[in-house]
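# Reading the structure
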Amino acid sequence: MDPRIKKLTDILLNYSCQVKKGENVLIQCYGMTALPLVKSLVRGVYSSGALPFVTLKDDTIQRELIAGCRKDQLELMTKHDLVQMKDIDAFIGIRAHDNVNELGDLSSDKMNSYMRDHSSKSI
């Protein structure tokens, strides 16, 4: 493993989040290029005596969801995210988009709705 990943893991867990034994840690990752970091974080969380929870998101899937979503669906997605967050003590969000333009062709109405009704209220 790249030693920089181990160093970043240590910084995120021990300095940024100060993860302690018994805590619940949510690791959310957009993009698959950061999987080595996610794996290292999972190991590190376990080593600290805490429990890791992982959510992996892919922009190609997000694009399909946003393209067809409705307001009531976005509100339900937000509700589910908030329920999950209530049990979380530390959150690590990784944004390693594989294609930064993946959502570029979605209509501004769809993106604005997604940002207003879900992203700004969620994780």
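Preceding block: the structure.
Residues numbered from 1 in each chain as written. Predicted model: local features only at pLDDT ≥ 70, side-chain atom pairs only at ≥ 80, totals over all residues. Heavy atoms only, no water.

## Some points on the pairing of strand β1 (residues 24-30)
For clarity, the threshold we go by: Buried means the residue's accessible area, taken with a 1.4 Å probe over protein chains only, is under 20% of the maximum for its type, while exposed means over 50%, and partly exposed covers the values in between. Secondary structure follows DSSP: runs of H or I at least 4 residues long count as helices, runs of E at least 2 residues long count as strands, and numbering of each begins at the N terminus. Strands are labelled as partners when DSSP assigns at least two bridges between them. Orienting the strands away from the viewer, one traces the path from the first strand over the helix to the second; a clockwise path indicates a right-handed crossover.
Of all seven residues making up β1, seven are buried, and the element is well covered by its neighbours. On β1, burial covers both faces: Asn24, Leu26, Gln28 and Tyr30 on one face and Val25, Ile27 and Cys29 on the other are all buried. As paired strands, β1 and strand β2 (residues 51-57) are joined by seven bridges and run parallel to one another. From the neighbouring strand, asparagine 24 faces β2, where its bridge partner is leucine 51. The β-α-β motif built from β1, the intervening helix α2 (residues 35-47) and the parallel element β2 has right-handed crossover chirality. Judged from the six bridges that link them, β1 and strand β3 (residues 90-95) form a sheet pairing that is parallel. Directly across from tyrosine 30, in β3, lies its bridge partner arginine 95.

## Some thoughts on a nonpolar patch on the surface
The condition is simple: Patch building starts from residues that exceed 30% relative accessible area and form no salt bridge, then joins like charges within 9 Å and nonpolar side chains (Val, Leu, Ile, Met, Phe, Trp, Tyr) within 5 Å. Throughout, the Shrake-Rupley method with a 1.4 Å probe supplies accessible areas, and for residues the shown protein chains are the sole cover considered. Salt bridge, as used here: a side-chain nitrogen of Lys or Arg that lies within 4 Å of a carboxyl oxygen of Asp or Glu.
Taken together, the side chains of Leu8, Ile11 and Tyr15 make up a nonpolar region of the molecular surface, amounting to roughly 310 Å² of accessible area. For tyrosine 15, the location among the structural elements is in helix α1 (residues 3-16).

## A word on the environment of aspartate 105
Positionally, aspartate 105 belongs in the loop between β3 and α5 (108-117). Note on aspartate 105: relative accessible area 55%, which makes it exposed. Residues aspartate 105 and alanine 67 lie 38 residues apart in sequence; the distance between their C-alpha atoms is 9.7 Å.

## Examining unusual backbone geometry
Phi is positive for glutamine 18, which is not a glycine, with a value near 45 degrees. Note on glutamine 18: relative accessible area 46%, which makes it partly exposed.

By themselves these figures say nothing about function.
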